[in-house]
Amino acid sequence: MKGPKPRNNNRKRPPRNDTNSWSRIFWCTIFIFFNFLLLSGFTFSTFRLLFGKTFRPGLLLRWPTVTKTAVTADSPVTISVREVVMLPDQSLVFLNYPRTGRLFTKEDIDCIYYSANDLSSRPLFKQPPLDMDGEDPYNQIIRCPLQSGHGFRVSVGLKQNGDVTSVPTYTWDSLAYDAVIDHDNTTVVFVKGLNLRPDRVSNASRYECLYGWDFSTSNHLLRSDVVSLAQEIVRCKTPLSVLIRSKRGVNDAVKVSVRLKGRTTIVDTIARPGLRPGLVQPPRNKEHVMCICSMVRNQGRFLKEWVMYHAEMGVQRWFIYDNNSDDETDVVIELLQSGNYNITRHLWPWIKTQEAGFAHCALRARETCQWVGFIDVDEFFHMPSLLLFHDVLRNQSKYGYGEVQAWCYSFGPSGLKSVPIRGVTVGYTCRVAVPERHKSIVKPEALDSTLMNVVHHFKLTSGYEAVKADRGVLVINHYKYQVWEVFKEKFYRRVATYVADWQEEQNVGSKDRAPGLGTKAVEPPDWPERFCEVNDTGLRNRVLKNLADPYTRLLPWQEGYQKHEKRRVRRRKRKRRKHRGYL
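Residues numbered from 1 in each chain as written. Predicted model: local features only at pLDDT ≥ 70, side-chain atom pairs only at ≥ 80, totals over all residues. Heavy atoms only, no water.

### Some details on the environment of Ala469
If you trace the backbone, Ala469 turns up in the loop between strand E26 (466-468) and strand E27 (475-478). Sequence separation between Ala469 and Val392 is 77 residues, and the spatial gap between their C-alpha atoms is 9.2 Å. Ala469 has contacts with Val404, Gln405, Trp407 and Leu474, leaving out every residue within four places of it along the chain. (Helix = DSSP H or I, 4+ residues; strand = E, 2+ residues; numbered from the N terminus. Contact = heavy atoms within 4.5 Å.)

In structure tokens:
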């Protein structure tokens, strides 16, 4: 019987190959290193695959430096000033907070002014801020008064701690001010100061996009091609490394700008591309049939009527782009939200950028809205046929249209000298006879990639057409020439990019102006009787029939309506309980 062979303890072991072990460690290290580069998105082969031979990547060797901070006396919480933008009437100071920091209030902050010529100077004086906007810790805005002359720089500091040294300051005349990564992975950049033609698509091949942290030199920037270019909207190919970081939710200081090819001058930028809510690939079945985008400034007292009326007509979602309001617009929106109106306020501090703001809103609304209307708060969709939006838009969808255009009728003061207490829809009933222009309702997916738009209607992509709605089906009542107390606010500043302000001696005969007024906000003696050619009570009658309380005749936006509504609900409940008792 054979057993196991005895173990030979004297057998010689093969010598250890130390060279082989170190070789494995070396190649393992090389493997890990190149995988790190691949995941970071900085391999040249990946960039060539994505962008082709024209893409010229450069490694970003400098990580963002820490911005200037102020520390409170009671805690180590810091406040970080990111940058300052000088508008014609105020300075915008953008803040960053640490993740654990609380949001400060207007009462915590001082605006601090320095000499513009002496970078090492001490603060000259302080002033309280005009306002403080935003609840986003990465994008809160402090509005500081603009001092006369150009001899000051501005920053902010905490009152408890003292001063913050100066930070990068940019002027508004040339600036890349916002950027979003679209669902097709391109970056849409909004740029002031390109001076392109407002009514046509520009030559994208003349420009290039640049990404990076430090724009003081172009050696450390990633370059990419411009896909499309129109007005103030530049669409860029997004570098893979930027795309990966944005999808991971990395909040860093990577910025994007543009320049003419062959030039050394780069447009100043505060635009940081990132994925925003509502910019994902839109679903097939959208939540809302009809939505509205509007840009407002100090329209808080008219907002309730505008939203409540359009809700009755079938609007389900409102996007309000607040363009530096200093009234109670934010308070009114919160009140409407508490009443279950699906309305959101988006800070848009950039002056005379209505076209860019509407393009930004179209991207945001695309995820949930089948149709989006672009109108102002003094404009009301009116359906003389007594239909609702669902009916009108369902009929247009059958024929594959991408845009429905509605004619605008301009209403005058209608003999009034003070703001009508029941609202504009009931108070103003006299208008001019001929419509002036049209505004649009569009399908977001029908928009051209340039997002070019003029006077509230967009350039459509191939395969879609626009249709003008029959005037008996859909029009817009534009309460343009209201009582002088309201109308004179139009002389402050127009929100549209390519429309001259009324104080300027430009295009005085334009339809955007009031005929015969000139450039001064001086009330004509016959103002209440002007612009009255046709008595039109169609929308007024529908409002009173459908929305007025049958007992008090109050309308939903009038003071006291909610109180009477609650009383009526309580009376109904008592009657029902009493009726059950008899049974």
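### Considering the pairing of strand E16 (residues 288-296)
Along a regular strand, successive side chains alternate from one face of the sheet to the other. Counting buried positions over the nine residues of E16 gives nine, a clear majority of the element. Alignment of E16 against strand E19 (residues 369-374), held across five bridges, turns out to be parallel. Its bridge partner being in E19, His288 is matched across the sheet by Cys369. For E16 and strand E17 (residues 317-322), the ladder comprises six bridges, and the chain directions are parallel. Paired with Val296 across the two strands is Asp322, which belongs to E17. Following the chain from E16 across helix H4 (residues 300-313) to the adjacent parallel E17, one finds a crossover that is right-handed. (Buried < 20%, exposed > 50% of the residue type's maximum accessible area, 1.4 Å probe, protein only. Pairing = 2+ DSSP bridges. Right-handed = clockwise from strand over helix to strand, strands pointing away.)

### Comments concerning the environment of Val315
For Val315, the position within the fold is in the loop between H4 and E17. Taking the C-alpha atoms as reference, Val315 lies 9.4 Å from Gly373; in sequence the two are 58 residues apart. Excluding its chain neighbours within four sequence positions, the residues that come into contact with Val315 are Met290, Cys291, Ile292, His310 and Phe389.

### Observations regarding H4
The end-to-end C-alpha distance of H4, which contains 14 residues, comes to 21 Å, matching closely the 20 Å that a straight helix rising 1.5 Å per residue would cover. With ten of its 14 residues buried, H4 lies for the most part within the structure. For H4, the set of buried residues is Gly300, Phe302, Leu303, Glu305, Trp306, Val307, Met308, Tyr309, His310 and Met313. One or two residues past the end of H4 sits Gly314, with phi positive at roughly 115°. (Expected span 1.5 Å × (residues − 1).)

### Some words on the state of the cysteines
If you walk through the whole model with that rule in mind, you get five disulfides. Within the protein, bonded cysteines paired by disulfides and numbered along the sequence follow the pattern 1-2, 3-4, 5-8, 6-7, 9-10. (Disulfide = S-S within 2.5 Å.)

### A word on the pattern of salt bridges
Tallying each qualifying case throughout the model produces 18 salt bridges. Glu83 serves as the salt-bridge partner of Arg272, at 3.0 Å between the closest nitrogen and oxygen. Here Arg272 is found in the loop between strand E15 (255-260) and E16, whereas its partner Glu83 is found in strand E2 (residues 78-86), with 189 residues between them in sequence. Glu83 shares its class with Arg272; the two are buried. Two residues, Arg197 and Asp199, come together in a salt bridge whose shortest N-O distance is 3.8 Å. (Salt bridge = Lys/Arg side-chain N within 4 Å of Asp/Glu carboxyl O.)

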